[in-house]
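Each chain, letter by letter, is given below.
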Amino acid sequence: MNEQAARPALLDDAEAMCAIYNAAISERSSTFETKPRSATDFETRIGDNQFPLLVSDGDKGVVGWAGIASYSARPCYAGIGECSVYVAASARGRGVGTALTEALAAAAEQRGFHKMIGKLFTDNLASVRLVERCDFKTVGVHLRHGQLEGAWRDVLVVERLLATPPPAS
C-alpha cells in the first residue's frame, strides 16, 4: 500500500501503532504521556464505529496512524472530536501526516462530526506546519497547560471545521 494512503486500523496493526506512539512518548515532543503504552490500549479503540482510527502502510508495515477521540462526554459537544496524528520518524516528511489528517477529516465527517480539534506543543514545528497545511485554524494557546518532566509546556489549540453543519437546535 502507498504510505500516503490511509485505511481503517485492524487488530493486527495495534503493535505497530503502539510502537509509533511509544517512540513519540520517548521523544518528549508531542505528548504529555511519559509511560509506554501496550498494544491492548490500541486494540480497544480499533473497530469503534463512532471514533475513526486510521493507519498508513509503508513498505515494511504501518508508518503512521491517526484517530479521533471524544472531546467531551457532554451531549452538546457530541460533534467535536479531538484528533491525534503520529508518524514514525523514518516516514516523516513524505506526506504521511497530511494524508492521514485528510482521511481522518473525511472519516470524521462521515460519522457526523462537524469539528476536529487538536492540541500540540507550541515548539513542535512539524505538527504546526501539518495543521496549517490541513486547514486548521489557530484558536489560541493554553499557557502552562501541563508539565512534562517538571517543566511547564504551552499548547497550541487548533480546530478544523468540517463540511457537515451541526444539527439545528
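Look above for the structure.
Everything numeric here is computed off the predicted structure, so don't read it as measured data.

Draft legend 1. Seen up close, the packing of aromatic side chains. Inspection of the entire model under this criterion finds 8 aromatic pairs. Plain terms: the ring middles of F32 and F121 are 4.9 Å apart, the flat faces sit at 85° to each other, and that makes the pair edge-to-face. Here F32, found in the loop between α1 (14-27) and α2 (39-43), pairs with F121, found in strand β5 (residues 115-121); they are 89 residues apart in sequence, far enough to count as distant. Among the residues examined, F32 registers a relative accessible area of 28% and is labelled partly exposed. Site record: aromatic cluster; members linked through ring pairs are Y21, F42, W65 and Y86. If you follow R153 out to its NZ or CZ, it ends over the ring of F121, 4.0 Å from the centre.

Draft legend 2. Quick look at unusual backbone geometry. At R28, a residue that is not glycine, the phi angle is positive and equals roughly 60°. Following the sequence through the fold, R28 ends up in the loop between α1 and α2. In this model, E149 sits at a positive phi of 55°, which is unusual for a non-glycine residue. Inspection of the secondary structure puts E149 in the loop between β6 (137-148) and β7 (151-161). Looking at E149, the relative accessible area reads 60%, which means it is exposed.

Draft legend 3. View of the sheet that holds β7. As summarised here, the arrangement of the 7 strands in space is β1-β2-β3-β4-β5-β7-β6, forming an open sheet in which the pairing is mixed. In this open sheet, the two edge strands, each paired with only one partner strand, are β1 (7-8) and β6. With 7 bridges connecting them, strand β3 (residues 61-70) and strand β4 (residues 80-87) associate as antiparallel partners. Residue pairing in the sheet places G67 in a bridge with S84 of β4. Contacts between α1 and the sheet are confined to β2 (53-58), β3 and β4, with β3 contributing the most and set at about 80° to the helix.

So, how was this worked out
Residues numbered from 1 in each chain as written. Predicted model: local features only at pLDDT ≥ 70, side-chain atom pairs only at ≥ 80, totals over all residues. Heavy atoms only, no water. Phe/Tyr/Trp six-rings, centres within 6.5 Å; stacked < 30°, edge-to-face > 60°. Helix = DSSP H or I, 4+ residues; strand = E, 2+ residues; numbered from the N terminus. Buried < 20%, exposed > 50% of the residue type's maximum accessible area, 1.4 Å probe, protein only. Lys NZ or Arg CZ within 6 Å of the ring centre and 35° of its normal. Pairing = 2+ DSSP bridges. Contact = heavy atoms within 4.5 Å. Axes fitted to C-alpha atoms, helices over the stretch in contact; angles between N-to-C directions.

Keep in mind these values describe shape, not function.
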